[in-house]
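In case you want the letters, here they are:
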Amino acid sequence: MTYIRTISKKMIYDAIIDAIGQIYCQSTPETIAMINNALTIEEDDVAKDMLKAMLLNEELAAKEKLPICQDTGIVVVFADIGTAVKIENGSLYSIISQAVTDVWEKYYLRDSIALEPIRCFSSNPSKTKDTLQPVILHLSEIPGNKLELHISLKGGGAENCSTLKMFNPTATINEIEDFIVDTVVSSGGKPCPPVFVGIGIGGDFEQCAILAKRALMVPISPFEKKPEYKKMEERLLNQINQKGKGIQGFGGKTTALKVNILSEPCHIASLPVAINIDCHAHRCISITI
Ligand code: SF4
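Residues numbered from 1 in each chain as written. Predicted model: local features only at pLDDT ≥ 70, side-chain atom pairs only at ≥ 80, totals over all residues. Heavy atoms only, no water.

**Student:** Can you help me understand the overall build of the chain in this one?
**Tutor:** Scanning the chain from N- to C-terminus turns up eight helices and 10 strands. Computed over its C-alpha atoms, the radius of gyration of the chain comes to 20 Å, within 12% of the 19 Å expected for a compact globule of 289 residues. Counting only C-alpha atoms and orienting by the principal axes, one finds that the chain spans roughly 55 × 50 × 45 Å. When burial is assessed residue by residue, the chain has 47% of its 289 residues classed as buried. Expressed as a percentage of contacts within the chain between residues at least 6 apart in sequence, the contacts between residues at least 24 apart total 82%. Only carbon and sulfur atoms are counted for the fraction: they give 55% of the accessible area of the chain, which is about 14300 Å². For the chain, the centre of its 29 positive side-chain charges and the centre of its 34 negative side-chain charges are spaced 2 Å apart. (Helix = DSSP H or I, 4+ residues; strand = E, 2+ residues; numbered from the N terminus. Rg over C-alpha atoms; globule rule 2.2 N^0.38 Å. Buried < 20%, exposed > 50% of the residue type's maximum accessible area, 1.4 Å probe, protein only. Contact = heavy atoms within 4.5 Å. Areas by Shrake-Rupley, 256 points an atom, 1.4 Å probe, with all protein chains shown as cover. Lys, Arg positive; Asp, Glu negative; His and termini not counted. Charge placed at Lys NZ, Arg CZ, Asp CG, Glu CD.)

**Student:** What's the story with the packing of helix α1 (residues 9-23) against helix α4 (residues 92-106) in this structure? I'm lost.
**Tutor:** How two helices sit against one another is set out by the angle between their axes and by the gap between those axes. One can describe the packing of α1 onto α4 by two numbers: an axis separation of 9 Å at closest approach and a directional angle of 40 degrees. When the axes of α1 and α4 are compared, the pair comes out oblique. The way α1 lies across α4 gives a crossing that is right-handed. From α1, Lys9, Ile12, Tyr13, Ile16, Ile17, Ile20 and Gly21 reach across to α4, where they touch Leu92, Ile95, Ile96, Gln98, Ala99, Val100, Asp102, Val103, Trp104 and Lys106. Considering only residue class, the contact of α1 with α4 consists of 12 nonpolar, two polar and three charged. (Axes fitted to C-alpha atoms, helices over the stretch in contact; angles between N-to-C directions. Parallel < 35°, antiparallel > 145°, perpendicular 65-115°, else oblique. Left-handed = near helix turned anticlockwise from the far one by under 90°. Nonpolar A, V, L, I, M, F, W, Y, C, P; charged D, E, K, R; others polar.)

**Student:** Could you clarify how one ought to interpret the packing of aromatic side chains in this entry?
**Tutor:** Think of a pair of aromatic rings as described by two things: how far the centres are apart, and how the planes are tilted against each other in angle. Counted under the stated rule, the structure contains two aromatic pairs. Here the aromatic rings of Phe167 and Phe179 are separated by 5.4 Å at their centres, their planes lie at 75 degrees, and the arrangement is edge-to-face. In this pair, Phe167 is assigned in strand β6 (residues 163-167) and Phe179 in helix α6 (residues 173-186), connecting sequence segments 12 residues apart. With respect to burial, Phe167 and Phe179 carry one shared label: buried. Lying across the ring of Phe167, Lys165 places its NZ or CZ 4.7 Å from the centre. (Phe/Tyr/Trp six-rings, centres within 6.5 Å; stacked < 30°, edge-to-face > 60°. Lys NZ or Arg CZ within 6 Å of the ring centre and 35° of its normal.)

**Student:** Could you clarify how one ought to interpret the sheet that holds strand β4 (residues 136-142) in this entry?
**Tutor:** Strand pairing in a sheet relies on backbone hydrogen bonds, with the paired strands running either antiparallel or parallel. The four strands are arranged β4-β2-β5-β10 in an open sheet whose pairing can be described as mixed. Across the chains shown, the open sheet's two edge strands, defined by having one partner strand only, are β4 and β10 (283-288). When the angles between neighbouring strand axes are averaged without regard to direction, this sheet yields 15 degrees. In this fold α1 packs onto β2 (74-82), β5 (147-154) and β10, with an angle of close to 40 degrees to the strand it touches most, β5. Across the sheet, α4 is in contact with β2, β4 and β5; its angle to β2 comes to roughly 145 degrees. (Pairing = 2+ DSSP bridges.)

**Student:** What is the right way to look at the environment of Leu60 in this model?
**Tutor:** With respect to the element layout, Leu60 can be found in helix α3 (residues 45-64). Looking at Leu60, the relative accessible area reads 41%, which means it is partly exposed. Along the backbone, Leu60 and Gln26 are 34 residues apart, and their C-alpha atoms lie at a distance of 9.4 Å.

**Student:** When you look at the side chain of Ser27 in this model, what are you seeing that I'm missing?
**Tutor:** Tracing the sequence through the fold places Ser27 in the loop between α1 and α2 (29-41). Only 2.4 Å separates the side chain of Ser27 from the side chain of Glu58, close enough to count as a polar contact. In contact with Ser27, not counting residues within four places along its chain, are Ile32, Glu58, Ile68, His280, Ala281 and His282. (Polar contact = N/O pair within 3.5 Å; in protein donor to acceptor, adjacent residues only side chain to side chain.)

**Student:** Honestly, the pattern of salt bridges in this entry has me stumped. Any pointers?
**Tutor:** Side chains that carry opposite charge are capable of pairing whenever their charged atoms lie near each other. Scanning the entire structure with this criterion turns up nine salt bridges. Close ionic contact of Arg110 with Asp71 constitutes a salt bridge, the shortest N to O distance being 3.5 Å. A residue pair is termed long-range when its members are at least 10 positions apart, and Arg110 in the loop between α4 and β4 and Asp71 in the loop between α3 and β2 qualify at 39 residues. Given the relative accessible area of 39%, Arg110 is considered partly exposed. Asp71 gets classed as buried once you look at its relative accessible area, which sits at 13%. One continuous salt-bridge network, built from bridges that share partners, spans Lys154, Glu159 and Lys213. (Salt bridge = Lys/Arg side-chain N within 4 Å of Asp/Glu carboxyl O.)

**Student:** What am I meant to see in the sheet that holds strand β8 (residues 256-264) here?
**Tutor:** Strands sit in the order β6-β9-β7-β8 across an open sheet of four strands; the sheet is mixed. The sheet terminates laterally at β6 and β8, the two strands that pair on one side only. Between one strand axis and the next, the sheet turns by 15 degrees as a mean value, whatever way the strands run. Pairing of strand β7 (residues 195-202) with β8 involves eight bridges; the strand directions are parallel. Bridge pairing in β8 places Val195 opposite Ala256. Sitting on the sheet, α6 is in contact with β6, β7 and β9 (271-278), with an inclination near 25 degrees to β9.

Interpretation note: all reported values are geometric properties and have no functional meaning in isolation.
Okay, here's the thing in structure tokens:
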């Protein structure tokens, strides 16, 4: 039997401060290993130099506790809340937003959020000292009495290259894969490759986009994957890398480090496909409270 568990505001606040304190200055260990691997297989001199510069940047940022990139990103949180969890003193959004506001000041991170998206509608579109930093929060229920938080600092350059298409349900697998490959390859250097490619297939318009974003995060334990999708991921990674856009779009063997697909059922008249791209900085962390 699972008993109701109360999680305090302080536990969540401290966990967010600690988590962002770990990732603003370094990519995931998996990312660093993949960049090292890309360097070992690379033959192009310019691409090799850029990969070495990325690894040096990783080393120096972690050592000096400096942001790994000037774009410290927008905070995206997938919160999987146990059905037996009660959050004490405040909404989850307000706790996360307060922690993000404070951790931004603690580490002098760049203020990257425009409060007014259409800039000419406001003379001062940025956050002020009196406003909490907005975050993107996606909530899901899971069994049990734990709170799982999957946190990402998402850069604008990579996010801007993301897209969604409502396919006809008769679309072939080749048409879908061509759309994905073309989207990543035509982005060139804008998303700061080598990139991570999150794909959402199915659901409706908005769920598909959320799946694509979630596909960038690890772990993805709540989601089961058919072998057909694993094979599709391998084909897509090969096709993208064979196009040779390479490191920062200047050529080379590795344009994408990883392709991850998540799928959900959809309406018989629909076949939405969304692509969300993350850059090589790939600042993600998963914590359980
Ligand atoms: S896309 Fe990533 S690496 Fe490029 S500027 Fe934005 S955060 Fe930095």
